[in-house]
Amino acid sequence: MDVPTALPGLKVGVVFIPYRYIALVLLMVQTSAVILTMRYSLTKSGAHYVKTSAVVMSEVFKVVASVGLLWYERKGTFAKLIGYLRHEMIDKWRDAVLLSVPACLYTLQNNLLFIALANLDGTTYQVTYQLKIFTAAIFSVILLGRQLDAIKWVALFLLMAGVSLVQLHSGDDKPKAHPTQGSTALGLTAVILACCTSGFAGVYFEKILKGAKVSVWMRNVQLGLFSVILGMGGVIYNDFETVKQDGFFQGYTSVVWVVVTLQGVGGLVIAAVIKYADNILKSFATSLSIIATGLISYFFMADFEMSMNFAGGTCLVMMATFLYGSGKELIFGAQPKKKTINMNLLPK
C-alpha cells in the first residue's frame with residue numbers, strides 16, 4: 001500500500017498552510033499590487049521619475065535576490081558561489097549569450113508596460129494583457145511545432161472575443177474629467193506589443209534551454225544581468241539629458257520603490273507557483289487578481305468605469321484562462337499528469 005507523500009507547507013501553531021496556497025496568494029497579491037501601484041505612481045502620486053531607470057532597478061533587485069537564492073540552493077561558501085557564477089557566465093559564455101535575446105525582449109516588455117499603465121486603467125490593462133496566452137500559443141505552434149487540442153483553440157477564440165469586448169468598452173467611454181486619462185490607443189498598442197514580446201521571449205527561452213540542467217536562479221541571474229545592461233542602454237538613449245540634469249533617482253518616492261520591488265519579485269513568485277501549484281489553481285489566482293484589481297480601481301482609485309461590455313469581456317477572458325490552462329481537468333474530470341518540473345524553463 002502506497003503511503004501518501006506529505007503535502008509541503010507551513011505549520012503555524014495548530015494551523016497547517018500548504019505552500020501551494022501561500023504561493024497562489026502571493027501571486028494574486030503581487031499581480032494586482034504591481035499593476036495598481038505602477039498605475040498610481042504614473043498618474044496620481046505626483047512622482048515624476050525616469051521610467052527606464054525603474055526598469056533597470058527592478059532588474060538589479062531581481063539579480064540580487066536570485067544570487068541570494070542561488071547561494072541558499074547550493075549551500076556552499078561565497079567563494080564557491082562566485083566560482084560557479086564565473087563558470088556559467090564566462091567559461092560558458094556562448095550559452096549565456098543566447099539569453100540576450102529574451103533579455104532584450106523582456107526589457108522592452110517592461111518599458112512598454114509603463115507606457116500602457118500611464119494610459120490605461122489597471123483593469124483594462126490586466127484583462128488585455130491576457131492576450132500573452134494567445135501570442136505564446138501561436139509562437140509555440142510556429143517555433144516548437146506544438147499541437148493544440150480543440151479545447152485550447154476554443155479557449156483562444158474566447159480570449160480574443162473577451163478582449164475585443166473589453167476594447168469596445170474602452171472605445172465607448174466618454175472622455176473623463178480627471179487628468180489621469182491618457183491616450184487609450186497608445187496604451188492598447190503598448191499592451192499588444194508587450195504581449196507579442198512576452199509570447200515570443202517565453203517560447204524562444206524554452207526552445208534554447210529545453211533539456212539544460214541549470215538552476216532557475218542561475219538563469220534569472222543571467223537574464224537579469226543582460227537586462228540591466230540593455231536597460232541602461234534604454235536610459236542613455238531615451239533619458240540621458242534628463243538623468244544628466246537631475247540624476248538617475250530623480251522623483252523616486254516610497255511608492256516608486258514599492259513598484260521596483262514588486263516588479264523584481266514577480267519572476268520569483270511565478271517560480272514558486274509553478275513549483276507548488278497546478279494550472280487550475282494558477283488560473284483561479286489570475287481570475288481573482290483581475291477581480292481584485294477591478295474593485296480597487298473602481299472604489300479607491302476612481303479611474304475605472306464598469307460597463308456591460310467590460311463585464312462580459314472580462315468573464316470570457318477568465319473563462320478562456322481556465323480552459324487553456326486546465327480544460328481537460330475541468331470538463332472531463334481527468335487527473336492532471338504527474339509533472340516533473342524543469343525549473344530552468346520557468347518564465348522570468
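Provided above is the structure to which this section pertains.
Rules used in this analysis
- Residues numbered from 1 in each chain as written.
- Predicted model: local features only at pLDDT ≥ 70, side-chain atom pairs only at ≥ 80, totals over all residues.
- Heavy atoms only, no water.
- Core = buried A, V, L, I, M, F, W, Y, C linked by side-chain atoms within 4.5 Å.
- Buried < 20%, exposed > 50% of the residue type's maximum accessible area, 1.4 Å probe, protein only.
- Helix = DSSP H or I, 4+ residues; strand = E, 2+ residues; numbered from the N terminus.
- Contact = heavy atoms within 4.5 Å.
- Expected span 1.5 Å × (residues − 1).
- Axes fitted to C-alpha atoms, helices over the stretch in contact; angles between N-to-C directions.
- Parallel < 35°, antiparallel > 145°, perpendicular 65-115°, else oblique.
- Left-handed = near helix turned anticlockwise from the far one by under 90°.
- Nonpolar A, V, L, I, M, F, W, Y, C, P; charged D, E, K, R; others polar.

The subject of this paragraph is the nonpolar core. With 52 residues, the main nonpolar core has Phe114 and Tyr125 as its most contacted residues. Counting residues per element, this core draws most heavily on helix 8 (residues 150–172), at 7 residues. With residues near it in sequence (within four places) discarded, Tyr125 still touches Ile35, Leu113, Ala116, Leu117, Leu120 and Val191. With 10 residues, the next largest nonpolar core counts Leu81, Val216, Met218 and Val221 among its residues.

The next subject is helix 1 (residues 19–43). At 3.6 residues per turn, the α-helix brings residues three or four places apart onto the same side. Helix length check: helix 1, at 25 residues, gives a terminal C-alpha distance of 36 Å against a target of 36 Å (1.5 Å per residue), a fit within 8%. Among all positions of helix 1, only Ala23, Leu24, Leu27, Gln30, Ser32, Val34, Ile35, Leu36, Met38, Arg39, Ser41 and Leu42 are buried.

This part takes up the packing of helix 3 (residues 78–91) against helix 10 (residues 216–246). Two elements in contact, helix 3 and helix 10, have axes separated by 11 Å at closest approach and are oriented at 60°. Put simply, helix 3 runs oblique to helix 10. Between helix 3 and helix 10 lies a crossing of right-handed hand. Counting all contacts with helix 3, which are made through Tyr84, Leu85, Glu88 and Met89, the residues of helix 10 involved are Met218, Val221, Gln222 and Leu225. Here the residues of the contact of helix 3 with helix 10 are counted per class, giving 6 nonpolar, 1 polar and 1 charged.

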